[in-house]
Amino acid sequence: MSAKVFNPSSKSYSLTADATAPTPIKPAPIDTLTEYAGGEVKITNVGIYVAYISYGKTAAIATTNAVIPTDGNPQTVVTLLPGAETAFHLQDQSYFTAVSAAATKIIFQLGEGF
C-alpha cells in the first residue's frame, strides 16, 4: 500500500490568528489561468496556541464565523492544536481566517493528496 503525497498547487499563505480575526485570505492556484475547482487545502498551525479556523464562500462569512467556542456557545470553526496539520476537501475556492487566545501563525496551501 502506498501513501498519497501532498502535491501543492499554490504558494503558501500565512496569517496570524489572534483574539480578533485578521483579514481573510483566499489561496489562489499557482496556474492563474486555471479556475480552482476544488481539492484540498492543507492548514498548519506553526504557532504555540490553539487556533480556530473559519472559512466561507465570502470574506464576510469567514470573518463572521471566526469566534472561539465557549461553554454553551458552539461555533462553526475547526480547532487546530499547536503544531498540528489538517486538510479540508473543498468544492470551490474559499476564504479563510482564524482566531486564537493569543497570536499564533497559521499556514495555508492548496493542493491534492491528503
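Everything in this summary refers to the structure shown in the same document. (Residues numbered from 1 in each chain as written. Predicted model: local features only at pLDDT ≥ 70, side-chain atom pairs only at ≥ 80, totals over all residues. Heavy atoms only, no water.)

1. Details of the overall build of the protein
The line we're drawing: Each helix is a run of H or I in the DSSP string that is no shorter than four residues. Each strand is a run of E no shorter than two, and both are numbered from the N terminus. Throughout this description, buried means an accessible area under 20% of the type-specific maximum (1.4 Å probe, protein chains only), exposed means over 50%, and partly exposed covers the range between. Accessible areas in this description were obtained via Shrake-Rupley with a 1.4 Å probe; residue shielding takes into account the shown protein chains only.
Looking only at helices and strands, the protein has one helix and eight strands in total. Relative to its full complement of 114 residues, the protein shows a buried share of 39%. For the protein, the accessible surface area stands at approximately 6,500 Å², while carbon and sulfur atoms represent 56% of it.

2. Focus on the sheet that holds strand β5 (residues 78-80)
So the rule is basically this: Any two strands are treated as partners once DSSP identifies two or more bridges connecting them. The axes are straight lines fitted to the C-alpha atoms, using for helices just the contacting stretch, and the angles between their N-to-C directions are given from 0 to 180°.
Judged by pairing direction, the sheet is antiparallel, and its three strands sit side by side in the order β5-β4-β7 without closing on themselves. Every interior strand has two partners, whereas the edge strands, β5 and β7 (95-100), have only one. Going across the sheet, the axis of each strand differs from the next one's by a mean of 30 degrees, ignoring polarity. Of the pairings in the sheet, the one linking strand β4 (residues 51-56) to β5 comprises three bridges and is antiparallel in character. From the neighbouring strand, Y52 faces β5, where its bridge partner is T79.

3. Here's the deal with the packing of aromatic side chains
For the record, the criterion: Here a Phe, Tyr or Trp ring, Trp counted by its six-membered ring, pairs with any other such ring whose centre lies within 6.5 Å, and the pair is stacked when the planes are under 30 degrees apart, edge-to-face when over 60, and tilted otherwise.
Applying the stated criterion across every chain, the model contains four aromatic pairs. Plain terms: the ring middles of Y55 and F96 are 6.0 Å apart, the flat faces sit at 35 degrees to each other, and that makes the pair tilted. Note that Y55 is positioned in strand β4 and F96 in strand β7, a separation of 41 residues in sequence. Here F96 falls in the buried class, since its relative accessible area comes to 0%. Both rings, one in F88 and one in F96, keep their centres 6.2 Å apart while their planes meet at 50 degrees; by these two values the pair is tilted. A connected cluster of aromatic rings, assembled from ring pairs, spans Y55, F88, F96 and F108.

4. Some details on the pairing of β4
Counting buried positions over the six residues of β4 gives five, a clear majority of the element. With six bridges connecting them, β4 and β7 associate as antiparallel partners. Counterpart to I53 in the pairing with β7 is A98.

5. A word on the nonpolar core
Selection rule: By nonpolar core we mean a set of buried residues, namely Ala, Val, Leu, Ile, Met, Phe, Trp, Tyr and Cys, connected to one another through side-chain atoms within 4.5 Å. Contact between two residues is taken to exist if any of their heavy atoms lie within 4.5 Å; hydrogens are not considered.
Grouped together as the largest cluster of nonpolar side chains are 15 residues, with contacts concentrated most on V41, I43, I53, F88, F96, I106 and F108. Residue assignment for this core shows that the elements contributing at least two residues are β2 (13-17), β3 (39-45), β4, β6 (85-90), β7 and β8 (104-112). Looking at which element gives the most residues to this core, the answer is β8, with three residues. Excluding its chain neighbours within four sequence positions, the residues that come into contact with F96 are L15, P24, I25, P27, V41, I43, I53, S54, Y55, F88, L90 and F108. Listed in part, the five residues of the second largest apolar core include A21, Y52, A66 and V77.

6. Points about the side chain of T44
We count it as follows: Whenever a nitrogen or oxygen atom comes within 3.5 Å of another N or O atom, the pair is scored as a polar contact, on the condition that within protein one atom can donate a hydrogen and the other can accept it, and that pairs from neighbouring residues in sequence are kept only if both atoms are in side chains.
Its location among the elements puts T44 in strand β3. For T44, a relative accessible area of 15% translates into the label buried. Among the polar contacts made by the side chain of T44, one reaches the side chain of E85 at a distance of 2.8 Å. If sequence neighbours within four positions are ignored, T44 has contacts with L80, A84, E85, K105, I106 and I107.

Geometric values such as these leave the question of function open.
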